[in-house]
Amino acid sequence: MTIQTLLKMGDPRLLQMAQPVTEGQWGSPQLMALVADLWETMDASNGAGLAAPQIGVDWQVVVFGTGKVNPRYPDAPLVDPTVLCNPVIIPLDSQGGTQGPIPEEVAWEGCLSVPGMRGQVPRASHIRYTGFDAMGRAIDRVVSGFHARVVQHECDHLWGTLYPMRIRDMRQFGFNEVLFPQLT
Ligand code: NI
């Protein structure tokens, strides 16, 4: 396990579509080592999640959740530690279906690849997400709120999208030390 260097916004590797994990790679030493590095690198920076492209690995793998209070997001609800590969996100309407309008909520996000900043980002309030853990076992969850936000943020990294690209009101984007002096 190694704390890896985090790529920062401006690096073209953060703007690529990552490669899916393929059959035969589940549980492989390479995948397990990547997962260990993602957890260690995330914990070292008090991240809420981390995606493989953020440490320069071109693979559809994210980790998120800590099961304990995060000093960078002290008010966030707890999310169980999860490894998610090859994710698919389905935004849900207020009935839990996909036919109606998709409710959104706007909240502050930060990113270890955009250090020192926060922005107000709209996300689907409710999602279903599917994918696989590192052993290739299926994951299928319906979640809301902060959990849904973290999943959408991390999976965006696999598709080459950083949260500033989703901010609608750029007046709601700024430096942590100014926006949240109590956290710094
Ligand atoms: Ni991020």
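Quick notes on the rules
- Residues numbered from 1 in each chain as written.
- Predicted model: local features only at pLDDT ≥ 70, side-chain atom pairs only at ≥ 80, totals over all residues.
- Heavy atoms only, no water.
- Donors = N, O, S within 2.8 Å, 3.2 Å for Na, K, Ca; no water.
- Helix = DSSP H or I, 4+ residues; strand = E, 2+ residues; numbered from the N terminus.
- Buried < 20%, exposed > 50% of the residue type's maximum accessible area, 1.4 Å probe, protein only.
- Pairing = 2+ DSSP bridges.
- Axes fitted to C-alpha atoms, helices over the stretch in contact; angles between N-to-C directions.
- Contact = heavy atoms within 4.5 Å.

A. Spotlight on the coordination of the nickel ion. The protein atoms donating to the nickel ion are C111 (SG), H153 (NE2) and H157 (NE2), with metal-donor distances spanning 2.1 to 2.3 Å. All donors to the nickel ion come from one chain, and their sequence spacing reads C-x41-H-x3-H. One end of the pair is H153 and the other is H157, both in helix 2 (residues 145-158) and four residues apart, which spans about a single turn. Comparing H153 with H157, the two get one shared label, buried.

B. Layout of the sheet that holds strand 2 (residues 61-64). Within the open sheet, the five strands sit side by side as 1-2-3-6-7. Their pairing is antiparallel. The open sheet has two edge strands, strand 1 (49-51) and strand 7 (138-144), and neither has a second partner. Averaged over all neighbouring strand pairs, the angle between strand axes comes to 40°, with direction disregarded. Note: strand 3 (residues 82-91) against strand 6 (residues 126-132), five bridges, orientation antiparallel. By the bridge assignment, I90 is partnered in strand 6 with R128. Packed on one face of the sheet, helix 1 (residues 29-44) meets strand 1, strand 2 and strand 3 and runs near 40° to strand 2. Of the strands in this sheet, strand 1, strand 2, strand 3, strand 6 and strand 7 are in contact with helix 2, which crosses strand 2 at around 150°.

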